[in-house]
Amino acid sequence: MSLESRLYNALQSGDQIKIESTFEIIYIQYFNLLSYVCFQYGLDEEDVKDLVQETFVDFFNHLNLNDRIKNFKYYLIEMVKNKSRNFLNKKKRLLLLSDEEIGSIPDIHPTNQSLELYGWQKGLETDEIEIITKHILLEITLTSIAKEENVSKNTIKSRYRRALAKVKKYLGGDK
């Protein structure tokens, strides 16, 4: 049974224990993915934690039986993307800094916890990271990625295979 069906069945039954356990499964399953999406917007770890938490709270608070969500993963990713964009826009309006002030801001180095989310990217080219992110995390087909980038499907397949080989080597799976 899919998570979507499991949650709606629990909501329909009104069984609080089933509802809470299903919410917990959804939270555990998607927390790292949503954090990763936020990190892609250049947010720091605290902002990421806050936005992901806020996304789950909003998701759970606004869920109802009448508006069935067919794909929680897609829905949660879109929610966290919108929250990240809104957060950055709000932050931009609040922080109007001069070029000198911006230049004096120190680089933010990720902590060990945040490195776990994107440490696999080490040694990959930007286009390889994008292909893996789009295909594996966002579940976009290689054909769609090829169309989007206006290149042949075989080119995308080659880049994808090359990127996966690099990731396997980095993770120690290709010895």
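In case you missed it, the structure is sitting above this.
Okay, so let's go over this structure.

Criteria and thresholds
- Per chain, the residues get numbers from 1 upward, laid out in the order the sequence is written.
- Thresholds applied to this predicted model are a pLDDT of at least 70 for local features of residues and 80 or more for the giving and counting of side-chain atom pairs; totals over whole chains, interfaces and linings are not thresholded and use all residues.
- The side-chain figures draw on all heavy atoms in the structure; neither hydrogens nor water molecules are used.
- A run of DSSP states H or I qualifies as a helix once it reaches four residues; a run of E qualifies as a strand once it reaches two. Both are numbered from the N-terminal end.
- Any two residues whose heavy atoms approach within 4.5 Å at even a single point are treated as in contact.
- Note on geometry: axes are lines fitted to C-alpha atoms, helical ones only across the stretch in contact, with angles between N-to-C directions running from 0 to 180 degrees.
- Orientation categories follow fixed angle ranges, with anything under 35 degrees roughly parallel, anything over 145 roughly antiparallel, 65 to 115 roughly perpendicular, and all other angles oblique.
- What makes a crossing left-handed is the near helix being turned counterclockwise from the far one by less than a right angle; a clockwise turn instead makes it right-handed.
- Between buried and exposed lies partly exposed: a residue is buried under 20% and exposed over 50% of the maximum accessible area for its type, with that area taken using a 1.4 Å probe on protein chains only.
- To define a nonpolar core, start from buried Ala, Val, Leu, Ile, Met, Phe, Trp, Tyr and Cys residues and group those joined through side-chain atoms within 4.5 Å.

Some thoughts on the side chain of R159
By the secondary structure assignment, R159 is in helix α9 (residues 153-171). Setting aside residues up to four positions removed in sequence, R159 forms contacts with D127, E128, I131, E149 and V151.

Concerning the packing of helix α7 (residues 126-137) against helix α8 (residues 142-149)
Running from N to C, α7 and α8 cross one another at 135°; their axes reach a closest spacing of 10 Å. Taken together, the axes of α7 and α8 lie oblique to each other. Crossing of α7 over α8 shows right-handed handedness. Contact residues: α7 offers E130, I131, K134 and H135, while α8 offers L142, I145, E148 and E149.

Focus: the side chain of K81
Along the chain, K81 turns up in helix α4 (residues 72-94). Since its relative accessible area comes to 18%, K81 is described here as buried. Every residue in contact with K81, bar those within four places of it in the chain, is listed here: V37 and Y41.

Side note on the nonpolar core
Here is a general trend for soluble globular proteins: nonpolar side chains tend to be buried in one another's company. Counting residues in each nonpolar core, the largest one holds 27 residues, and the members touching the most others are I26, Y30, L34, F56, F59 and F72. Sorting elements by how many residues they give to this core places helix α2 (residues 16-39) first, with nine residues. Not counting chain neighbours up to four residues away, the residues in contact with F56 comprise I26, Y27, Y30, F31, L34 and L76. If you look at the next biggest cluster of nonpolar residues, it comprises twelve residues, including L124, I129, I131 and A163.

Spatial relationships are all this shows, so hold off on functional conclusions.
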